[in-house]
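Structural characterization, general
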Amino acid sequence: MRNINERISNLKQEIDKLPKGSIAKKTIKGSEYFYFRYYINGVRKEKYIDISLVDELKGQINKRKQMEEELKELKNKVTLNNKIKRNNTFSCNIRINEDLRKFVKSV
């Protein structure tokens with residue numbers, strides 16, 4: 001469990017370093033242009049990207065998506081483990097001697 005929490009923490013830090021968004025290709029007057037699309041406070045922004053940087057940015061975006069997927073799976077594992085631990089606890093009342101006689105007498 002400790003390793004999972006450490007991995008979750010590490011993934012969050014690594015994800016924060018990677019770009020969040022997507023790449024769009026536009027064809028204008030027969031020429032292709034690439035733009036990095038992202039959101040800031042609910043407003044979509046676009047920034048022109050030189051074609052030489054497109055592959056590198058795509059790799060970073062894909063790496064971020066993979067890490068986010070792994071983070072989601074780990075969080076689900078932690079949640080499931082917590083539910084299992086809570087469900088395995090139980091309480092029991094034991095009655096003996098006079099307490100048991102009083103309890104059974106009503107039946």
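Structure's up top.
What counts and what doesn't
Residues numbered from 1 in each chain as written. Predicted model: local features only at pLDDT ≥ 70, side-chain atom pairs only at ≥ 80, totals over all residues. Heavy atoms only, no water. Helix = DSSP H or I, 4+ residues; strand = E, 2+ residues; numbered from the N terminus. Pairing = 2+ DSSP bridges. Axes fitted to C-alpha atoms, helices over the stretch in contact; angles between N-to-C directions.

1. With respect to the environment of L53
For L53, the location among the structural elements is in helix 2 (residues 51–87). Through-space distance from the C-alpha of L53 to that of Q13 is 24 Å; in sequence the pair is 40 residues apart.

2. Side note on the pairing of strand 2 (residues 31–40)
Relative to strand 2, strand 1 (residues 22–28) runs antiparallel, the two sharing seven bridges. Looking at the pairing, I23 lines up with F36 of strand 2. From the end of strand 1 to the start of strand 2, which pair antiparallel, there are two residues, and K29 there has a positive phi angle of about 50°. In terms of strand pairing, strand 2 meets strand 3 (residues 43–49) through seven bridges, oriented antiparallel. What sits directly across from Y39, in strand 3, is R44. Hairpin connection between strand 2 and strand 3: a loop of two residues separates the two successive antiparallel strands, and N41 in this loop has a positive phi of roughly 55°.

3. Topic: the sheet that holds strand 3
Pairing within the open sheet is antiparallel, and its three strands lie in the order 1-2-3. Edge positions in the open sheet fall to strand 1 and strand 3, since each of these has one partner strand only. Going from strand to strand, the sheet's axes swing by 35° on average, the running direction of each strand aside.

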